[in-house]
Amino acid sequence: YDDKPAINALCEAIALVKPSIYVDLGDVGEWESCSHWKWKKKKRPPLEYIVPDVDKEVVAVNAGMDVIDRVLDEVDCTERHFIEGNHDNWLNMFVDEHPYLTQYRVPKALKLDKRGYTYHPMGKFLKLGKLYFYHGHML
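Residues numbered from 1 in each chain as written. Predicted model: local features only at pLDDT ≥ 70, side-chain atom pairs only at ≥ 80, totals over all residues. Heavy atoms only, no water.

**With respect to the environment of His 36**
Move 1: Mapped onto the elements, His 36 comes out in the loop between β1 (21-24) and α2 (47-74).
Move 2: Sequence separation between His 36 and Trp 90 is 54 residues; the distance between their C-alpha atoms is 7.5 Å.
Move 3: Ignoring anything within four residues of it in the chain, the contact list for His 36 reads Trp 90 and Met 93. (Helix = DSSP H or I, 4+ residues; strand = E, 2+ residues; numbered from the N terminus. Contact = heavy atoms within 4.5 Å.)

What follows is the structure, encoded as structure tokens:
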């Protein structure tokens, strides 16, 4: 569920401002395929029916992040932070239920190391100078 005008506006702002630090506040994907809400009051299908949908979401979210990363690369923004949101955490909860599927943990699925992001798990604050960053789902 990407909002192309919003992503375009973000990329234009990055190109204009040329930040030295970028902070992503999370929820980069809906992660509906592994959401606990999707299966509420329903019988969950076997894993082999769920995994292809998770794979599609991982590919789509990475493609969206690639767009932003290209602009960050163009402006030479090397300090990047990713703060995990509650929707992102649904991916981790999916792995908690299926611990042999570690490739779906957020840092690995989104290739955060390769992208050069410092990962901040859900519920953790990031402090840069006097400024604090937090996803804000719960406090």
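**Considerations on the pairing of β1**
Move 1: Note: β1 against strand β2 (residues 79-83), four bridges, orientation parallel. Looking at the pairing, Val 23 lines up with His 81 of β2.
Move 2: As a crossover connection, the stretch from β1 through α2 into β2 is right-handed. (Pairing = 2+ DSSP bridges. Right-handed = clockwise from strand over helix to strand, strands pointing away.)

**Focus on helix α1 (residues 4-17)**
Because each turn of an α-helix spans 3.6 residues, side chains separated by three or four positions end up pointing in the same direction.
Move 1: Here α1 spans 20 Å end to end across 14 residues, near enough to the 20 Å set by a 1.5 Å rise per residue.
Move 2: Just beyond α1, the residue with positive phi is Lys 18, at close to 55°. (Expected span 1.5 Å × (residues − 1).)

**Quick notes on the sheet that holds β1**
Move 1: Pairing in this open sheet of three strands is parallel, and the strands run β1-β2-β3 from one edge to the other. With one partner strand each, in any of the chains shown, β1 and β3 (117-120) form the two edges of the open sheet. The mean angle between the axes of side-by-side strands here comes to 20°, regardless of whether they run parallel or antiparallel. (Axes fitted to C-alpha atoms, helices over the stretch in contact; angles between N-to-C directions.)

**Things to note about the environment of Arg 44**
Move 1: Mapped onto the elements of the fold, Arg 44 is located in the loop between β1 and α2.
Move 2: In contact with Arg 44, not counting residues within four places along its chain, are Trp 39, Ile 50, Glu 97 and His 98.
Move 3: Engagement of the side chain of Arg 44 in a polar contact is seen with the side chain of Glu 97, the distance being 2.5 Å. (Polar contact = N/O pair within 3.5 Å; in protein donor to acceptor, adjacent residues only side chain to side chain.)

**Thoughts on the nonpolar core**
Move 1: Membership of the largest hydrophobic core comes to 29 residues, with the highest contact counts inside it found for Trp 31, Val 54, Leu 91, Phe 94, Tyr 104 and Leu 110.
Move 2: Listing elements by their share of this core, those giving two or more residues are α1, α2, α3 (86-97) and α4 (106-109). (Core = buried A, V, L, I, M, F, W, Y, C linked by side-chain atoms within 4.5 Å. Buried < 20%, exposed > 50% of the residue type's maximum accessible area, 1.4 Å probe, protein only.)

**Describing the pairing of β2**
Move 1: Buried residues dominate β2, accounting for four of its five residues.
Move 2: Strand direction decides the pairing type here: β2 and β3, joined by four bridges, are parallel. Following the sheet pairing, Phe 82 is matched in β3 by Tyr 119.

**What about the pattern of salt bridges?**
Move 1: If you walk through the whole model with that rule in mind, you get six salt bridges.
Move 2: Linking Arg 115 and Asp 66 is a salt bridge whose minimum nitrogen-to-oxygen distance equals 2.9 Å. Residue Arg 115 is located in helix α5 (residues 112-115), and its partner Asp 66 is located in helix α2; the two are separated by 49 residues in the primary sequence.
Move 3: With a closest N to O distance of 2.5 Å, Asp 73 and Arg 80 form a salt bridge.
Move 4: A relative accessible area of 5% means that Arg 80 is categorised as buried.
Move 5: Three or more residues joined by partner-sharing salt bridges are found here, namely Asp 66, Asp 69, Asp 73, Arg 80 and Arg 115. (Salt bridge = Lys/Arg side-chain N within 4 Å of Asp/Glu carboxyl O.)

**Side note on the packing of α1 against α2**
Move 1: The interhelical angle for the contact between α1 and α2, taken along N-to-C directions, is 10°, at an axis separation of 9 Å. Put simply, α1 runs roughly parallel to α2. Taking contact as the criterion, the partners of Ile 7, Leu 10, Cys 11, Ile 14 and Ala 15 in α1 are, on α2, Val 67, Ile 68, Val 71 and Leu 72.
Move 2: Grouping the constituent residues of the contact of α1 with α2 by class yields nine nonpolar, no polar and no charged. (Parallel < 35°, antiparallel > 145°, perpendicular 65-115°, else oblique. Nonpolar A, V, L, I, M, F, W, Y, C, P; charged D, E, K, R; others polar.)

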